[in-house]
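Residue-level structural notes
Listed below are the residues making up each chain.
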Amino acid sequence: MSGLKLFHTTNIGVTEVMPRLADVEADVQDLIEAHMETMLGVRFLASEYVINCVDGGRIDSLGVDKNFAPVIVEYKRGTDAGVINQGLFYMAWLMSHKDAFRSLVRDRFGVTAASQILWSAPRLICVAGDFTRYDVHAVREHRRSIDLVRYRYFGSDHFGLETVASVTGHSAETKRVRRRVTGASPVRHQGGAMAELAAAVDEVLVGLGNGVTRVQRKQYRAYQRLRNFACLIPPQQTKVLVYLKADPMAVDLAPGFTRDVTGLGHHGTGDLEVQLRTERDLERAQDLFRLSYAAA
């Protein structure tokens, strides 16, 4: 279980600290949709999206994450055993109607974004007042990427999210990635010292805590909790680049080791670039990795 992440909803100080649930489910949905990228790392696409099928239904929220994976978000005010199955039903519909989702992405973010959708890693995020141990067990039995996220209000101006369970989907692409990056990975024998260093970075990032998931794209490999906290670029000839969620303004930048890339184009996500050339650099970077992991 990850730590509770608090978000300010107003500029007023805390006057009440007892956690509480929303008055109605729509309050949670409206708040998260208004701040979806900040809270979930997901770019908002549509609300109450009506699906065209015999049984019908409305997807609470549709979005796309920083890796261009499709995301369905379902909300429940309290504890509801049906939220996971409901979300999986909508995901099955989505995967059978890719053109509809592609059109949403194209209309909101453009043709280039629509061409980069990561269909191998669709995600379901369930946000609810709480979950049972049976819910946590159930998500581990599915072949999809599912995040169970508990919410709470704290007074009138703070809102908290806490990941209860996070499971990576078991698509064919995910299996290929796991074979490449776990154990005695072939990458250690193909690219020399920098490939070995990249494999060591992967081991460190995955080992930061429970619930770390990998998402493989052509240009980078993302490491997520609920949101990306690190992106590993394929090793270059003399260095390995890692982009972190950590705030560059909170870090003592060191030329040749760390760089503020806010506003600069690069593969992956994150505003802090870490340049690794040796195992000693990797040791120096581990505090930054932990900082970024905590920020996600």
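Residues numbered from 1 in each chain as written. Predicted model: local features only at pLDDT ≥ 70, side-chain atom pairs only at ≥ 80, totals over all residues. Heavy atoms only, no water.

1. Here's the deal with the overall build of the protein chain
Selection rule: Counting from the N terminus, the helices are DSSP H or I runs at least four residues long and the strands are E runs at least two residues long. Think of it in three bands: residues with accessible area under 20% of the maximum for their type are buried, residues over 50% are exposed, and the middle band is partly exposed, with areas taken using a 1.4 Å probe on protein chains only. Contacts are assigned to residue pairs that have any heavy atoms within 4.5 Å of one another.
Tallying secondary structure elements over the protein chain gives 10 helices and 14 strands in all. In the protein chain, buried positions account for 51% of the 296 residues. Sequence separation of 24 or more characterises 60% of the internal contacts of the protein chain that already satisfy a separation of 6 or more.

2. Focus: the pairing of strand β9 (residues 213-216)
What counts, and what does not: For two strands to be treated as a pair, DSSP must find no fewer than two bridges joining them.
Here β9 shows a buried face lined by T213 and V215 and a second buried face lined by R214 and Q216. For β9 and strand β10 (residues 221-224), the ladder comprises 4 bridges, and the chain directions are antiparallel. Paired with R214 across the strands is Y223, a residue of β10. Linkage of β9 to β10, two consecutive antiparallel strands, is achieved through a turn of 4 residues.

3. Some details on the confidence of the model for the protein chain
This is how it is decided: What pLDDT conveys is the predictor's confidence in a given residue, as a value from 0 to 100.
Averaged over every residue, the pLDDT of the protein chain is 87; the share at 70 or more is 87%. Here residues 11-15 is modelled with pLDDT under 50, and outside its nearest four sequence neighbours on either side it reaches 4 contacts, counting other chains as well. Segment residues 171-190 is flagged for pLDDT under 50; beyond a separation of four residues in sequence, or across chains, it makes 30 contacts in the model.

4. Some remarks on the side chain of D135
Stated formally: Under the counting rule used here, the positive set is Lys and Arg, the negative set is Asp and Glu, and His together with the chain ends is not counted. By convention in these notes, a salt bridge is any Lys or Arg side-chain nitrogen within 4 Å of a carboxyl oxygen on Asp or Glu. A 3.5 Å cut-off defines polar contacts: any pair of N or O atoms within that distance qualifies, except that in protein one atom must be a possible hydrogen donor and the other a possible acceptor, and neighbouring residues in sequence count only when both atoms are side-chain atoms.
Mapped onto the elements, D135 comes out in helix α6 (residues 133-140). Among buried charged residues, D135 stands out as having no salt bridge; its nearest opposite-charge side chain is R150, 9.2 Å away. Only 2.9 Å separates the side chain of D135 from the backbone nitrogen of T132, close enough to count as a polar contact. Aside from chain neighbours lying at most four places away, what touches D135 is A81, I84 and L148.

5. A short note on the packing of helix α3 (residues 83-96) against helix α4 (residues 98-109)
Short version of the rule: Helix axes are fitted to C-alpha atoms over the stretch in contact, other axes to C-alpha atoms as well, and angles between N-to-C directions run from 0 to 180 degrees. Small angles under 35 degrees read as roughly parallel and large ones over 145 as roughly antiparallel, with 65 to 115 read as roughly perpendicular and the rest as oblique. For this classification, the nonpolar set comprises Ala, Val, Leu, Ile, Met, Phe, Trp, Tyr, Cys and Pro, the charged set comprises Asp, Glu, Lys and Arg, and every other residue, Gly included, is treated as polar.
Axis separation between α3 and α4 bottoms out at 5 Å; the angle between their running directions is 85°. As judged from the angle between their axes, α3 and α4 are roughly perpendicular. For the pair formed by α3 and α4, the contact residues are W93, L94, M95 and S96 on the first element and K98, A100 and F101 on the second. Across the contact of α3 with α4, the residue classes break down as 5 nonpolar, 1 polar and 1 charged.

6. Remarks on the sheet that holds β9
The strand order across the open sheet built from 6 strands is β9-β10-β11-β12-β14-β13, with neighbouring strands paired in antiparallel fashion. The open sheet has two edge strands with one neighbour each: β9 and β13 (258-260). Along the sheet, successive strands turn relative to each other by an average axial angle of 20°, direction set aside. Here β10 pairs with strand β11 (residues 228-232) via 4 bridges, running antiparallel.

7. Digging into the nonpolar core
The cut-off we apply is this: The definition of a nonpolar core used throughout is a set of buried Ala, Val, Leu, Ile, Met, Phe, Trp, Tyr and Cys residues joined through side-chain atoms within 4.5 Å.
In this structure, L62, I72, I84, F101 and L148 are the most contacted members of the largest nonpolar core, which totals 34 residues. Of the residues forming this core, the biggest block, 8 residues, is contributed by α3. Apart from residues no more than four positions distant in its own chain, L148 is found in contact with I84, C126, F131, D135, V136, V139, E162, T163, V164 and A165. Counting residues in each nonpolar core, the second largest holds 27 residues, with L197, F229, L288 and A296 among its members.

8. A look at the packing of helix α9 (residues 192-206) against helix α10 (residues 279-295)
Basically, it comes down to this: Crossings are sorted by hand: turned counterclockwise from the far helix by less than a right angle, the near helix makes the crossing left-handed, and turned clockwise it makes it right-handed.
At a minimum axis separation of 11 Å, α9 and α10 run at an interaxial angle of 25°. For the element pair α9 / α10, the angle class is roughly parallel. Here α9 runs over α10; the crossing is right-handed. Of α10, the residues touching α9 (which contributes L197, A200, V201, V204 and L205) are E279, L282, Q286 and F289. Of the residues in the contact of α9 with α10, the class split is 7 nonpolar, 1 polar and 1 charged.

9. Some words on the packing of aromatic side chains
Applicable threshold: Working definition: rings of Phe, Tyr and Trp (its six-membered ring) pair if their centres are within 6.5 Å, and the pair is stacked with planes under 30 degrees apart, edge-to-face with planes over 60 apart, and tilted otherwise. A ring is scored as having a charge over it whenever the NZ atom of a lysine or the CZ atom of an arginine sits within 6 Å of its centre and within 35 degrees of its normal.
Counted by the stated rule, this structure contains 7 aromatic pairs. Measuring from centroid to centroid gives 5.0 Å for Y153 and F159, while their planes differ by 65°, and the two rings are edge-to-face. Overall, F159 belongs to the buried group, its relative accessible area being 0%. These aromatic residues form a ring-pair network of at least three members: Y151, Y153 and F159. Sitting over the ring of F68, R43 keeps its end group 4.9 Å from the ring centre. The ring of F109 carries R43 above its face, with NZ or CZ at 5.3 Å from the centroid.

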